Amino acid sequence: MALTTQEFAFVCGLVRREAAIVLEPGKEYLVEARLLPLARRAGIATVGEFVGRAQRERLLAEQIVDALTTNETSWMRDREPFSAFTDVVLPELAAARPPLHRLRVWSAACSSGQEPYGLAMLLEDALTGGRQYEIVATDISAEMIERAKAGRFSQLEVNRGLPVPLLVKHFQRAGTEWQVSDALRRKITFKRVNLAAPLAPMPAFDVVFLRNVLIYFDLPTKRAVLQSVRRLLRPDGWLFLGAAETTIGIDDGFQRVVAGRASAYRPRASVAAPVNVMGRR
Ligand SMILES: C[S@@+](CC[C@H](N)C(=O)[O-])C[C@H]1O[C@@H](n2cnc3c(N)ncnc32)[C@H](O)[C@@H]1O
């Protein structure tokens, strides 16, 4: 049975308040499709009844927010930001930071983990001289954080962009799935973080991947998220956004730079315009 206008309005208000995700009118079908499995799992007959119960039961409300995040991801998504990370960003950081500085990278909407594990694989190959690194991987979805932590991927997921040499080097077969090595998992701290809420203090990052998440937010939220990310980024750090995302016209504290064949963003005071940082290609 279809959702009533009030039920749909409740869901829109909930995900906007809790995750800053904007659901446009007309997305009723999406809400129904995503909530039907939750209702079935809870033994509740209809999606409408499930939404009604969620107005009184916090746990169900949290499940709704989780279910309405879009977790689409793949390995080395769009390729160029990852090439720029290896070819431009890491050599520059290696030269700029003292040898004992542990490089800190944040995957700020990590979904099921392909982004942070991919970055860890690139760091393992690129860093020399005993240089250490750590990755913090966060997402609002409790389910995604659990999946990412587990580091298990289906054959279908592995087929989406993971180069075979990296599969061979960093995974073991686990039945029909693939398990990321413990060595790699130890380099990543996974935790639940809502980017749209005030961010807890964290030590500064050298690089932030904030990819394909700003698109779900309205303009004031995009601005607030970019500002809080900037506060956690070193003054000469690097920010990578999704292909359809930018800081331009949203947060003037960032400047766009060309890094190899990708665009990246850096806190404004650290770079003079125009900037073209070429990769080692
Ligand atoms: C499309 S995925 C992007 C994953 C990865 N960064 C990539 O580019 O492939 C978007 C992710 O943003 C997360 N997300 C949505 N709203 C969020 C919020 N308010 N705070 C933190 N993460 C959020 C979702 O749970 C989802 O996993």
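Residues numbered from 1 in each chain as written. Predicted model: local features only at pLDDT ≥ 70, side-chain atom pairs only at ≥ 80, totals over all residues. Heavy atoms only, no water.

**Considerations on helix H1 (residues 5-19)**
With 15 residues, H1 should reach 21 Å at 1.5 Å per residue; the first-to-last C-alpha distance of 21 Å fits that figure. Among the residues of H1, Glu7, Phe8, Phe10, Val11, Cys12, Leu14, Val15 and Ala19 are the ones counted as buried. In this structure, the buried residues of H1 make contact with helix H2 (28-41), helix H3 (47-54) and helix H4 (58-67). Among the residues trailing H1, Ala20 stands out with phi positive, at a value near 65 degrees. (Helix = DSSP H or I, 4+ residues; strand = E, 2+ residues; numbered from the N terminus. Expected span 1.5 Å × (residues − 1). Buried < 20%, exposed > 50% of the residue type's maximum accessible area, 1.4 Å probe, protein only. Contact = heavy atoms within 4.5 Å.)

**Focus: the site of the ligand**
Taken together, 22 residues lie near the ligand, and Thr73, Arg77, Ala109, Asp139 and Asn212 sit nearest. Here a nitrogen atom of the ligand sits 2.9 Å away from a polar atom, N or O, in the side chain of Asn194. In the complex, 99% of the free accessible area of the ligand, which totals 600 Å², lies under the protein chains. Among the residues making up the shell around the ligand, the classes are represented as nine nonpolar, eight polar and five charged. (Near = heavy atom within 4 Å. Polar contact = N/O pair within 3.5 Å; in protein donor to acceptor, adjacent residues only side chain to side chain. Areas by Shrake-Rupley, 256 points an atom, 1.4 Å probe, with all protein chains shown as cover. Nonpolar A, V, L, I, M, F, W, Y, C, P; charged D, E, K, R; others polar.)

**Some details on the domain arrangement of the protein chain**
Looking at the protein chain, the domain boundaries give domain 1 (5-68) and domain 2 (79-277). Averaged C-alpha coordinates put domain 1 and domain 2 at centres separated by 30 Å. Contacts between the two partners involve seven residues from domain 1 and, on the opposite side, 10 residues from domain 2. For the domain 1 and domain 2 pair, buried surface summed over both sides reaches about 660 Å², with 47% attributable to carbon and sulfur atoms. Of all residues in domain 1, Ala19, Ala20 and Asp66 bury the most surface against domain 2, accounting for 53% of the area lost on that side. The interface formed by domain 1 and domain 2 contains one salt bridge. (Domains from an automatic or database assignment. Buried area = accessible area lost by both parts, 1.4 Å probe. Salt bridge = Lys/Arg side-chain N within 4 Å of Asp/Glu carboxyl O.)

**Side note on the pattern of salt bridges**
One pass over the full model with this rule turns up 17 salt bridges. With its nearest N and O atoms 2.6 Å apart, the salt bridge here joins Arg16 to Asp218. Residue Arg16 is located in helix H1, and its partner Asp218 is located in the loop between strand S7 (205-210) and helix H11 (219-231); the two are separated by 202 residues in the primary sequence. The class of Arg16 is partly exposed, set by a relative accessible area of 41%. Arg58 is the partner of Glu18 in a salt bridge, and the nearest nitrogen-oxygen pair spans 2.8 Å. Residue Glu18 is located in helix H1, and its partner Arg58 is located in helix H4; the two are separated by 40 residues in the primary sequence. In this structure Arg58 comes out as partly exposed when scored by relative accessible area, which is 44%. One network of salt bridges, with partners in common, ties together Arg97, Asp206, Arg234 and Asp236.

**Examining unusual backbone geometry**
The backbone of Met76 shows a phi angle near 50 degrees, a positive value even though the residue is not glycine. Mapped onto the elements, Met76 comes out in the loop between H4 and helix H5 (80-96).

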